[in-house]
Amino acid sequence: MHRLLPAELLSDYAQTFFGYGRWEAPVWFVGIEAGGGKDIQTVHDRLQAWAASGHNNDLEDAPSFHSASNNTLWHQPDATLQSTWKQLIRMLLLARGLDDTDNALRHYQRTKLGTATGETCLVELLPLPSPGRNDWNYSAWSDLPWLQTRAAYEQKILSHRISLLRERINHHRPRVVIFYGDGQLKHWQRIIGSGTYQRPIADKLIAHERDGIAFFVTRHPTHPDLRMTGDNYFQEIGRFFHDHHGERFQPSK
């Protein structure tokens, strides 16, 4: 018999889960979609971990959640630096005037990024993990009609998720929101709002401010064009943050 993901749990997760950390955090990182999801077992393990923690959490504690879902790569003492997260952490540490050595990045990833009591909120616009935007495995893993194509999936949940994220931002008022993936600017602008968008670092950083909240858009850390220059790219942005917005990135007192 062909194995499928549990339909009700999958549907609830897709329409509820946003990521890791806490909404009250001063610094938010927003991506388009979680990576991974290369095989049905890893997605099944994520669903079961989410169900075990209450079946209704929109945010989880990253270290606890990944441990519960049998992912031991990113939070153990010998953790591997996650390719996207390390650049987000790099910007944050440099914005605070701290070193961005591999050890510093690894320590922050293991112990602070996306924790339930920490200073970051790490969320995704689209909740189901996928190896890439051109991949879609859920038609083979689910009979739900709206998961038979990526287009149907996005049509069902995207606008609602955009509205929810905008509402969360307006309610919790983080100091900084960094969207990574400038190819999705049309989605980010629906969350950020209208007005003049600045480019304080030409071809590298987009900025906007409203209601005292600083919004930024960067390239995605795994963009092919950054394969050899990603560290330098995010170092430049982190130092810009330090020089021009340093107070926004400091931990809450």
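Here is a short report on the structure shown in this document.

Here the structure, examined in full by the defined rule, presents 12 salt bridges. As a salt-bridge pair, R90 and D231 come within 3.1 Å of each other at their nearest N and O atoms. In this pair, R90 sits in helix α4 (residues 85–95) while D231 sits in helix α9 (residues 230–245), placing the two residues 141 residues apart along the sequence. Put simply, D225 and R219 hold a salt bridge, and the shortest N to O gap is 3.4 Å. Connected via shared salt-bridge partners are E33, R133, R150 and E154.

Located in the positive-phi region is H55, a residue other than glycine, with phi close to 70°. Position of H55 relative to the elements: it lies in the loop between α2 (40–52) and β3 (59–60). For R173, which is not a glycine, the phi torsion comes out positive at approximately 50°. Examined against the element boundaries, R173 turns out to sit in the loop between α7 (150–172) and β5 (176–180).

Here we take up the sheet that holds β5. Hydrogen bonds along the backbone pair up the strands of a sheet, which may run parallel or antiparallel. Read across the open sheet, the 8 strands follow the order β3-β1-β4-β2-β5-β8-β7-β6; overall the sheet is mixed. With one partner strand each, in any of the chains shown, β3 and β6 (198–201) form the two edges of the open sheet. Pairing of β5 with strand β8 (residues 213–218), which is carried by 5 bridges, proceeds in the parallel orientation. Bridge assignment links Y180 to a residue of β8, and that residue is T218.

By the definition in use, this model includes 17 aromatic pairs. Relative to F249, the ring of F241 lies with its centre 4.9 Å away and its plane at 25°, an arrangement referred to as stacked. Like F241, the residue F249 is buried in the burial classification. Members of the aromatic cluster, joined through ring pairs, are Y13, F17, Y20, W50 and F65.

The next subject is the pairing of strand β4 (residues 120–126). For β4, a buried count of 7 out of 7 residues is recorded, marking the element as mostly surrounded by other parts of the structure. The pairing of strand β2 (residues 27–33) with β4 spans 6 bridges and is parallel. Residue pairing for β4: V27 is matched across the bridge by T120.

Another point: α9. For α9, spanning 16 residues, the distance from its first C-alpha to its last is 21 Å, which sits close to the expected 22 Å at 1.5 Å a residue. Turning to α9, its buried residues are G230, Y233, F234, Q235, I237, G238, F240, F241 and H245. Considering only its buried residues, α9 is in contact with α4, β5, β6, β7 (205–210) and β8.

This part covers the pairing of β6. Two strands pair when backbone bridges link them, and β6 and β7 are joined in this way by 2 bridges, in the antiparallel orientation. Residue pairing in the sheet places I201 in a bridge with L205 of β7. With antiparallel pairing between neighbouring strands as the criterion, β6 and β7 make up a hairpin whose turn holds 3 residues, including D203 at a positive phi of roughly 65°.

It is worth spelling out the side chain of H75 at this point. Tracing the chain through its elements places H75 in the loop between α3 (62–68) and α4. Leaving out residues up to four positions away in the same chain, H75 has contacts with A62, P63, H66, W85, Q109 and R110.

To continue, consider the nonpolar core. F29, L128, L147, F179, W188, F216 and F241 are the most contacted members of the largest nonpolar core, which totals 79 residues. L147 has contacts with L10, L128, W136, Y138, S139, S142 and Y153, leaving out every residue within four places of it along the chain.

What counts and how
- Along each chain, residue indices are assigned from 1 in the same order as the chain's sequence is written.
- Residue-level local features of this predicted model are given only where pLDDT is at least 70; pairs of side-chain atoms are given and counted only at 80 or more, and the full residue set underlies all totals for whole chains, interfaces and linings.
- Excluded from the side-chain calculation are hydrogens and water; included are all heavy atoms of the structure.
- Salt bridges are counted wherever a side-chain nitrogen of Lys or Arg sits within 4 Å of a carboxyl oxygen of Asp or Glu.
- What counts as a helix is a DSSP run of H or I of at least four residues, what counts as a strand is a run of E of at least two, and both are numbered from the N terminus.
- Strand pairing is assigned whenever DSSP detects at least two bridges linking the two strands.
- Ring geometry is summarised as follows: Phe, Tyr and Trp rings, the Trp one being its six-membered ring, pair when their centres sit within 6.5 Å, and such pairs are stacked at plane angles under 30 degrees, edge-to-face over 60 and tilted between the two.
- Buried residues are those whose accessible area, probed at 1.4 Å on protein chains only, stays under 20% of the maximum for their type, while exposed residues exceed 50% and partly exposed ones sit between those limits.
- In this scheme, a helix's expected span is set at 1.5 Å multiplied by one less than its residue total.
- In what follows, a contact means two residues having at least one pair of non-hydrogen atoms within 4.5 Å.
- Within this scheme, the nonpolar core is defined by two criteria: the residues are buried Ala, Val, Leu, Ile, Met, Phe, Trp, Tyr or Cys, and they are joined through side-chain atoms within 4.5 Å.

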